[in-house]
Amino acid sequence: MSLYQLHRCVYDWVRAGEVSDKGGDAGREGFDASVYELTDDEKKAFETKDVAALYQLGLHAVLLNRFCRAAGFARDEYRKILEPFGSTERRRGRWQT
Amino acid sequence: MADIVLAYCSSHAPMMSSAREAAPEQQRNNFFGALDWIRDEAASRGVQACVVLSNEHFTNFFLENFPQTCIGLGERNWGPTEEWLPIDKMWIPGHPGLANHIAQHTLNAGFDPAFSHQLELDHGIMTVYYELDHDMKLPLVPIVQNCAVPPLMPVRRAYEFGKALGDAIRSYDGLDRVAVIGAGGLSHWIGTPRVGDIDEEFDRWFLDRLERGELDQVLDMPDEEIELAGNGNHEMRSWLAVAGAVAPTPARKLAYEPIYPWITGMAVAEFETAAPPAR
């Protein structure tokens, strides 16, 4: 339940800054995260733009990517943040010789 | 009846627009050179409308309702949505006649596409569409596919949907010359510790299969294996739908460049469709 709320919060925040055909959006400046039912950890991760915490909390990768972009993280920056969570891939695809 | 006079696929990394100069010059020239050739061919073949398939990146749909396929039926759609993407934001003309025909035909063929009378188009469609028509006046039927949020449509079914899509276009009598385009892929990772990696071996293997017309091994791939070449690799569904639309026509690679500054294996491939009838 809560993870959905986190996704909804991040999604709404990202979309608030995008260029909609409808116009008149308040933008990200006035975004109010208090309307979402977030745990303390989720609230803190969102409000402090803690990319590592959002990743560990299970935010969808596509949404995390959009969050990073909207929050001003360059790709190299957020790769460095996420790299410690990577693991060696032992599986092989059929294309791998 | 309409002919598919142009069928091709192209990667759609947003950096191809937002950080164009970040790519090494030779790679950039090769990639855009292929898209320039496509644009010239579209003009010379008299393309009247295009159908573009691409991934839904949480732009139109969210977790309350996430269709596997959604056809844009509207008279117009809005894009691009990304504030940082340097493509003019505007209403893009749709083609309701063709779009409704595709929806009805694919429903009759056993698929269950969602539909929308107004989609918002992100980089997934807009980067490739812009390279096709810088004026962005060519009527566009967008088809967004779920290539990101499990459970996903199996790739073989995406290919079969493409077959029905091709039949739909060819049975439409409101146009003569239509382009069908897949936008996305090839290997890339986003929002993960491997962001920035490219699996060149996969990309070349995939393109080779398309060129040989040997798709069985690709169509058998489960999602867990597809992801070994990146979570963005699920966008192969757009390529395979186009392959289905013109099957059994093989592809011809026009460009492949692993462009690390754009974090993506960037490719353009054309399917050599029949020459259009004289106009």
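Residues numbered from 1 in each chain as written. Chains lettered and ligands numbered in written order. Predicted model: local features only at pLDDT ≥ 70, side-chain atom pairs only at ≥ 80, totals over all residues.

1. Digging into the overall build of chain B
Counting secondary structure elements, chain B contains nine helices and 10 strands. C-alpha extents for chain B along the principal axes are approximately 45 × 40 × 35 Å. Sorting the 279 residues of chain B into buried and exposed places 55% on the buried side. Partitioning the intrachain contacts of chain B with sequence separation of at least 6 by distance along the chain shows that 85% fall at a separation of at least 24. (Helix = DSSP H or I, 4+ residues; strand = E, 2+ residues; numbered from the N terminus. Buried ≥ 20, exposed ≤ 12 C-beta atoms within 10 Å, placed from the backbone. Contact = placed C-beta atoms within 7 Å.)

2. Regarding the pairing of strand β9 (residues 251-259) of chain B
The two faces of a sheet get side chains in turn, since along a regular strand they alternate between them. Residue and element names in this part refer to chain B. In this sheet, strand β10 (residues 264-271) lies alongside β9 in antiparallel orientation, the contact comprising eight bridges. By the bridge assignment, lysine 253 is partnered in β10 with alanine 269. Between the antiparallel neighbours β9 and β10 lie four residues, among them isoleucine 263 with a positive phi of about 55°. (Pairing = 2+ DSSP bridges.)

3. Section: the interface of chain A and chain B
Contacts between chain A and chain B engage 28 residues on the former and 27 residues on the latter. Elements supplying a minimum of two residues to the side of chain A that touches chain B: α1 (2-16), α4 (61-71) and α5 (75-82) of chain A. Counted by class, the side of chain A that touches chain B contains 11 nonpolar, eight polar and nine charged residues. (Nonpolar A, V, L, I, M, F, W, Y, C, P; charged D, E, K, R; others polar.)

4. What about unusual backbone geometry?
Residue and element names in this part refer to chain B. Each neighbour pair has its own omega, and for proline 150 with proline 151 the value is 0°, a cis peptide bond. Position of proline 151 among the secondary structure elements: in the loop between β7 (140-145) and α5 (155-170). For the bond running from alanine 247 to proline 248, omega is 10°, close enough to zero to count as cis. In this fold, proline 248 is placed in the loop between α9 (236-245) and β9. Phi is positive for methionine 136, which is not a glycine, with a value near 55°. Relative to the assigned elements, methionine 136 resides in the loop between α4 (123-132) and β7. Overall, the presence of 18 C-beta atoms within 10 Å leaves methionine 136 in the partly exposed class. One non-glycine residue with positive phi stands out, namely isoleucine 263, at about 55°. Mapped onto the secondary structure, isoleucine 263 falls in the loop between β9 and β10.

5. Let's talk about the sheet that holds strand β2 (residues 49-55) of chain B
Residue and element names in this part refer to chain B. The mixed open sheet is built from eight strands, whose spatial order is β6-β3-β7-β2-β8-β1-β10-β9. Sheet topology places β6 (114-116) and β9 at the edges, where each strand pairs with a single neighbour. Mean inter-strand twist for the sheet, computed between neighbouring axes without regard to direction, equals 20°. As defined by bridge partners, strand β1 (residues 3-10) adjoins β10 across four bridges and the pair is classed as antiparallel. Within β10, the position partnered with cysteine 9 by the bridge is alanine 269. In this fold helix α6 (residues 200-212) packs onto β9 and β10, with an angle of close to 170° to the strand it touches most, β9. Here α9 sits on the sheet and contacts β1, β2, β7, β8 (177-183), β9 and β10; the angle it forms with β8, its principal contact strand, is near 150°. (Axes fitted to C-alpha atoms, helices over the stretch in contact; angles between N-to-C directions.)

6. Overview of α1(A)
Residue and element names in this part refer to chain A. The first and last C-alpha atoms of α1 sit 21 Å apart over 15 residues, in line with the 21 Å expected at 1.5 Å per residue. Within α1, the full set of buried residues consists of Leu6, His7, Cys9, Val10 and Val14. Projection of α1 onto a plane perpendicular to its axis shows the buried side chains occupying an angular sector of 160°, all on one side. In this fold, the buried residues of α1 make contact with α2 (40-47), α3 (51-57) and α4. (Expected span 1.5 Å × (residues − 1). Arc of directions from axis to C-beta.)

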